[in-house]
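Remarks on the overall topology
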Amino acid sequence: MAISTADFKNGLTIEVDHAIWRIIEFQHVKPGKGGAFVRSKLKNLRTGAVQEKTFRAGAKMEQADIQTRSMQYLYEDGDNRVFMDTDNFEQIEVPGENIKDQLPYLQENMNVDLVQYGSEVLGIEVPNTVVLEVVATEPGIKGNTASGGSKPATMNTGLVVQVPFFVNEGDKLSINSTDGTYISRA
């Protein structure tokens, strides 16, 4: 389906130069002289690279037909991760390289959305908040909580997060999966 720059929305996927891009942000610019144009920041869904592109106002391009399927993460098989469709129990192997940004938040039996373009798997979308267990952190020193500082804690997936001093090993924490920050105890 062809769309124009007037139809741009954040999160929309488009095909430009034989690549699939998701619009991160865009801005319509109307200079005093010359024609209007659209400045956009796009993320390549195959490589993860972010690039700024400029389009003439009203330029036409193809909208990429992206499907998301609800899947359950089963296990790690070498460099691949195995997911199962929760509707028809079909299993799909996804190379770990395709989902390296989401790996620190992935746990067995977690439900995720698998992002596909045709039959090509582009990646996965994990929930915005995930509950992870602390496996290693320095013990909190009594009376050292007034400063409001933080200390590093290693989670059960290998992710290292800055947490408040009162967090101990074995605690379950809610972590923001978009930027890897501590939210609260679970």
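This one's a predicted model, so the numbers in the text were calculated from it and none came from an experiment.

**Digging into the pattern of salt bridges**
This structure, assessed with the given rule, holds 8 salt bridges. One salt bridge connects Glu90 with Arg69, and the closest N-O pair in it is separated by 3.3 Å. Of this pair, Glu90 sits in the loop between strand E8 (80-85) and strand E9 (91-95) while Arg69 sits in strand E7 (residues 66-77), placing them 21 residues apart in sequence. The class for Glu90 is partly exposed, based on a relative accessible area of 36%. Salt bridges here are not isolated pairs; linked through shared partners, they connect Arg69, Asp85 and Glu90.

**Regarding the packing of aromatic side chains**
In this description, a pair of aromatic rings is defined by centroid distance and the angle of the planes. This structure, assessed with the given rule, holds 3 aromatic pairs. The interplanar angle of 90° and the centroid separation of 6.0 Å between the aromatic rings of Phe8 and Phe26 together place this pair among those described as edge-to-face. Of this pair, Phe8 sits in the loop between strand E1 (2-4) and strand E2 (13-16) while Phe26 sits in strand E3 (residues 19-29), placing them 18 residues apart in sequence. Taking relative accessible area as the criterion, Phe26 reaches 28% and is therefore assigned partly exposed. Aromatic pair Phe8 and Phe55: ring centres 5.7 Å apart, planes at 90°, arrangement edge-to-face.

**Some details on the sheet that holds strand E15 (residues 172-176)**
The strands making up a sheet associate through hydrogen bonds between their backbones, and the pairing can be parallel or antiparallel. In spatial order, the strands read E14-E13-E12-E15-E16; together these 5 strands make up an open sheet with antiparallel pairing. This sheet does not close on itself; its edge strands, each paired only once, are strand E14 (160-164) and strand E16 (181-185). In this sheet, adjacent strand axes meet at a mean angle of 55° when their direction is disregarded. In this sheet, E15 lies alongside strand E12 (residues 129-137) in antiparallel orientation, the contact comprising 5 bridges. What sits directly across from Leu132, in E15, is Leu173.

**As for the sheet that holds strand E4 (residues 37-44)**
Strand order in the open sheet formed by 6 strands is E1-E6-E2-E3-E4-E5, with antiparallel pairing between adjacent strands. A single partner strand is all that each edge strand has here, and the edge strands are E1 and strand E5 (50-56). Sheet twist, expressed as the average angle between the axes of neighbouring strands with direction ignored, equals 50°. In this sheet, E3 lies alongside E2 in antiparallel orientation, the contact comprising 4 bridges. Following the sheet pairing, Ile14 is matched in E3 by Trp21.

Cut-offs used in this document
- Residues numbered from 1 in each chain as written.
- Predicted model: local features only at pLDDT ≥ 70, side-chain atom pairs only at ≥ 80, totals over all residues.
- Heavy atoms only, no water.
- Salt bridge = Lys/Arg side-chain N within 4 Å of Asp/Glu carboxyl O.
- Helix = DSSP H or I, 4+ residues; strand = E, 2+ residues; numbered from the N terminus.
- Buried < 20%, exposed > 50% of the residue type's maximum accessible area, 1.4 Å probe, protein only.
- Phe/Tyr/Trp six-rings, centres within 6.5 Å; stacked < 30°, edge-to-face > 60°.
- Pairing = 2+ DSSP bridges.
- Axes fitted to C-alpha atoms, helices over the stretch in contact; angles between N-to-C directions.

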